[in-house]
Amino acid sequence: MNQSQDIHLTYDDLLCTLVDPNDLGVEVRAHLDSCPRCQNQARHLARRYTQMGQMAKSLAPASSGTFRLPEQRPFGPRWQFKSAMAVGLAGLLVFFFTVWWPRFFDAPGPTSPDVAQSIEADQQLMAQIDELVMDALPDGYQELAMMNDTDITDLSEDLIDWIVPSIDETAGESEPIG
């Protein structure tokens, strides 16, 4: 026995003989032609796959009609129209955003007299609030707040009664007349 007879074809080589025998190498093809065991395995494998194909064909549902693949059309006028449409739409959007969009967000026009008066009144109110924050006491009380302890002892009793009225005087005022 020669060495090529001892080494037989693999399963992949046998499958390759079924699919495309021209793909086999020269040595593999020579072995297949000379080896009865490998020829027998190749025929057995071919018969097995043929039976499997016949069984699949018998189990498959009947077709409802002929099936046709859609034709592959090259890029033609239809695609050119879509491209032109896309470019036109993009140009329109650029035009809108550069010309019309700023008009929606411009500052408001000249103010009406009512708005101007309201703004002036608000400014005056804020000025008064700022003055109160700086010194919240009215003018008459500011002098009292600036006095030191020696000045307070010199105050007359009338002034103290004016600042803090006595309880008797306030009780008489709150009684109902009648």
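Our subject is the structure listed above.
Residues numbered from 1 in each chain as written. Predicted model: local features only at pLDDT ≥ 70, side-chain atom pairs only at ≥ 80, totals over all residues. Heavy atoms only, no water.

Can you tell me about the overall build of the protein chain, naming the residues and giving the values?
A count of helices and strands for the protein chain gives 10 helices and 0 strands. For the protein chain, the succession of helices and strands along the chain, N to C, is α-α-α-α-α-α-α-α-α-α. A burial count over the protein chain gives 6% of its 178 residues as buried. When contacts within the protein chain are restricted to residue pairs at least 6 apart in sequence, long-range pairs at least 24 apart make up 50% of them. (Helix = DSSP H or I, 4+ residues; strand = E, 2+ residues; numbered from the N terminus. Buried < 20%, exposed > 50% of the residue type's maximum accessible area, 1.4 Å probe, protein only. Contact = heavy atoms within 4.5 Å.)

Go over the nonpolar core, please, and point to the residues and values.
Formed by Leu9, Leu14, Leu24, Leu32, Cys35, Cys38, Ala42 and Leu45, the largest nonpolar core amounts to 8 residues. It is helix H4 (residues 36-59) that provides the largest number of residues to this core, a total of 3 residues. Sequence-distant contacts of cysteine 38, defined by excluding residues within four places in its chain, comprise His8, Leu9, Leu14, His31 and Leu32. (Core = buried A, V, L, I, M, F, W, Y, C linked by side-chain atoms within 4.5 Å.)

Describe the packing of helix H3 (residues 26-34) against H4, with residues and values.
Running from amino to carboxyl end, H3 crosses H4 at an angle of 95°, the nearest separation of the two axes being 5 Å. Taken together, H3 and H4 sit at an angle that is classed as roughly perpendicular. Here H3 contributes His31, Leu32, Asp33 and Ser34 to the contact with H4, which in turn contributes Pro36, Cys38, Gln39 and Ala42. Considering only residue class, the contact of H3 with H4 consists of 4 nonpolar, 3 polar and 1 charged. (Axes fitted to C-alpha atoms, helices over the stretch in contact; angles between N-to-C directions. Parallel < 35°, antiparallel > 145°, perpendicular 65-115°, else oblique. Nonpolar A, V, L, I, M, F, W, Y, C, P; charged D, E, K, R; others polar.)

If you had to explain H4 to someone new, which residues and values would you point to?
Taking 1.5 Å of rise per residue, 24 residues should cover 34 Å, and H4 covers 35 Å from first to last C-alpha, within 8% of that figure. On its buried face, H4 sits against helix H2 (11-19) and H3. (Expected span 1.5 Å × (residues − 1).)

Provide a residue-level description of the packing of aromatic side chains, including the pertinent values.
The full count for this structure, using the stated rule, is 1 aromatic pair. For the ring pair phenylalanine 96 and phenylalanine 97, a centre distance of 5.4 Å and an interplane angle of 70° mean the geometry is edge-to-face. Residue classification places phenylalanine 96 among the partly exposed positions, given a relative accessible area of 31%. The ring of tyrosine 49 is capped by arginine 48, whose NZ or CZ atom sits 5.9 Å from the centre of that ring. (Phe/Tyr/Trp six-rings, centres within 6.5 Å; stacked < 30°, edge-to-face > 60°. Lys NZ or Arg CZ within 6 Å of the ring centre and 35° of its normal.)

Remember, this is a structural readout, not a statement about activity or role.
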